[in-house]
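What follows is each chain in one-letter form.
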Amino acid sequence: MRPVYLVFITTLVSFIFTSCYYGPTSKKRSTSSERVRSEASDRLPEDSTEAQLQNEGVYDARKNPGGRGFNNEFELQLGGKIVYDWGSGLMWQRSGSGYYMSYDQTRSYLDSLNRAGIACYKDCRLPTLSEAMTLVESGKRANGLHLDPLFTSKQYAIWTADKKSNLWAWVVYFSDGYSHYDQIEYGGSFVRAVRR
């Protein structure tokens, strides 16, 4: 008969290894991640975003309607809580916040995710505009959004880490397939966390 403490340690280690996500489940490598900007900007003017989206080839109904979209390769992981994109090398929260919030409120939401350790990581953040736009598809899907149906449809608009100014931040609207800026005090967008 094994001592109780060994049973406890064995159970704890087993729980950790079956509950945490330690990276991609196969040996595929991301091929396009180097062209997706992951550094947030405090001053991202509209003319710069248009040029950036066109350069990256992503679809935006207003700024780059001829864009083909990003070449995503999604895989559900961690019991369907995470969507890993082999195309960008990004790990996305499948659902996102259950309610919309102001830009300033996103910090509290992300802090709570990181305290809980989503997929056992503690570095979830808002996506940059470039990263969020990799999710936008050129046509509406069965869920009524310009977004792969692997993601929940409640989060029809998400905040990004990029700001246009001290008063405005960039938002991606999956409902209509475009990006635009909103007042940071406005509580009309959701959060879909990401990590690299």
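Heads up: the structure comes first, above all this text.
Just so it is clear, the structure is predicted and the values come from calculations on it, not from any experiment.

The rules behind these values
Residues numbered from 1 in each chain as written. Predicted model: local features only at pLDDT ≥ 70, side-chain atom pairs only at ≥ 80, totals over all residues. Heavy atoms only, no water. Helix = DSSP H or I, 4+ residues; strand = E, 2+ residues; numbered from the N terminus. Buried < 20%, exposed > 50% of the residue type's maximum accessible area, 1.4 Å probe, protein only. Polar contact = N/O pair within 3.5 Å; in protein donor to acceptor, adjacent residues only side chain to side chain. Contact = heavy atoms within 4.5 Å. Phe/Tyr/Trp six-rings, centres within 6.5 Å; stacked < 30°, edge-to-face > 60°. Pairing = 2+ DSSP bridges. Axes fitted to C-alpha atoms, helices over the stretch in contact; angles between N-to-C directions. 1 Å grid on protein atoms, 1.4 Å probe; cavity = no way out; pocket = protein on both sides within 12 Å on 5 of 7 lines; lining within 4 Å. Points joined across faces, edges and corners; volume = space filled by probe spheres on them. Nonpolar A, V, L, I, M, F, W, Y, C, P; charged D, E, K, R; others polar. Core = buried A, V, L, I, M, F, W, Y, C linked by side-chain atoms within 4.5 Å.

**Examining the side chain of Ser179**
Alright, step 1. Along the polypeptide, Ser179 turns up in strand S6 (residues 178-183).
Alright, step 2. Overall, the relative accessible area of 0% leaves Ser179 in the buried class.
Alright, step 3. A polar contact of 2.7 Å, which involves the side chain of Ser179, links it to the side chain of Asp60.
Alright, step 4. The contacts of Ser179, once residues within four sequence positions are left out, are Leu53, Asp60, Lys63, Leu129, Met133, Trp170, Val171 and Val172.

**Some remarks on the packing of aromatic side chains**
Alright, step 1. Considering all chains together, one arrives at eight aromatic pairs under this definition.
Alright, step 2. Between the aromatic rings of Phe74 and Phe151, the centroid separation amounts to 5.3 Å while the plane-to-plane angle is 85°, which identifies the pairing as edge-to-face. With a gap of 77 residues between them, Phe74 in strand S1 (residues 74-77) and Phe151 in the loop between helix H4 (129-133) and strand S4 (157-163) connect regions that are remote in the sequence. This pair shows no difference in class: Phe74 is buried, exactly as Phe151 is.
Alright, step 3. Geometrically, the ring pair formed by Trp168 and Tyr181 is edge-to-face, given 5.5 Å between the ring centres and 85° between the ring planes. Note that Trp168 is positioned in strand S5 (residues 168-173) and Tyr181 in strand S6, a separation of 13 residues in sequence.
Alright, step 4. With relative accessibility at 17%, the residue Tyr181 sits in the buried group.

**Some remarks on the sheet that holds S5**
Alright, step 1. Overall, antiparallel pairing links the three strands, which are arranged S4-S5-S6 in an open sheet. With partners counted over all chains shown, the strands left at the sheet margins are S4 and S6, one partner each. This sheet shows a mean twist of 35° between the axes of neighbouring strands, independent of strand direction.
Alright, step 2. Alignment of S5 against S6, held across six bridges, turns out to be antiparallel. Paired with Trp168 across the bridge in S6 is Gln183.
Alright, step 3. Strand contacts of helix H3 (residues 103-116): S4 and S5, with the helix running at about 100° to S4, the strand carrying the most contacts.

**So, the sheet that holds strand S2 (residues 82-85)**
Alright, step 1. Read across the open sheet, the four strands follow the order S1-S2-S3-S7; overall the sheet is antiparallel. At either margin of the open sheet sits one strand with a lone partner, and together these are S1 and strand S7 (194-195).
Alright, step 2. Sheet analysis places strand S3 (residues 90-93) next to S7, joined by two bridges and oriented antiparallel. Bridge pairing in S7 links Trp92 to Val194.

**Remarks on the layout of surface pockets**
Alright, step 1. If you add up the space inside the largest pocket, you get close to 270 Å³.
Alright, step 2. Lining of the largest pocket is provided by 13 residues; of these, Tyr103, Thr106, Arg107, Leu126 and Ala161 occupy positions nearest its centre.
Alright, step 3. For the lining of the largest pocket, the secondary structure elements donating two or more residues are H3 and S4.
Alright, step 4. Here the lining of the largest pocket is built from residues that sort into six nonpolar, two polar and five charged.

**What about the nonpolar core?**
Alright, step 1. Grouped together as the largest cluster of nonpolar side chains are 25 residues, with contacts concentrated most on Trp92, Met133, Leu135, Phe151, Val172 and Phe174.
Alright, step 2. The element that contributes the greatest number of residues to this core is H4, accounting for three residues.
Alright, step 3. Leaving out residues up to four positions away in the same chain, Leu135 has contacts with Phe74, Trp92, His146, Leu147, Phe151, Phe174 and Arg192.
Alright, step 4. Among the nonpolar cores identified, the runner-up in size contains 23 residues, and Tyr84, Leu126, Trp159 and Ile184 belong to it.

**Topic: the pairing of S3**
Alright, step 1. Burial along S3 is two-sided: the residues Leu90 and Trp92 and Met91 and Gln93 are all buried.
Alright, step 2. Where S2 and S3 come together, four bridges link them in antiparallel fashion. Bridging from a neighbouring strand, Asp85 pairs with Leu90 of S3.
Alright, step 3. Remark: four residues form the turn of the hairpin made by S2 and S3, two consecutive strands paired antiparallel; Gly89 in that turn has positive phi of roughly 80°.

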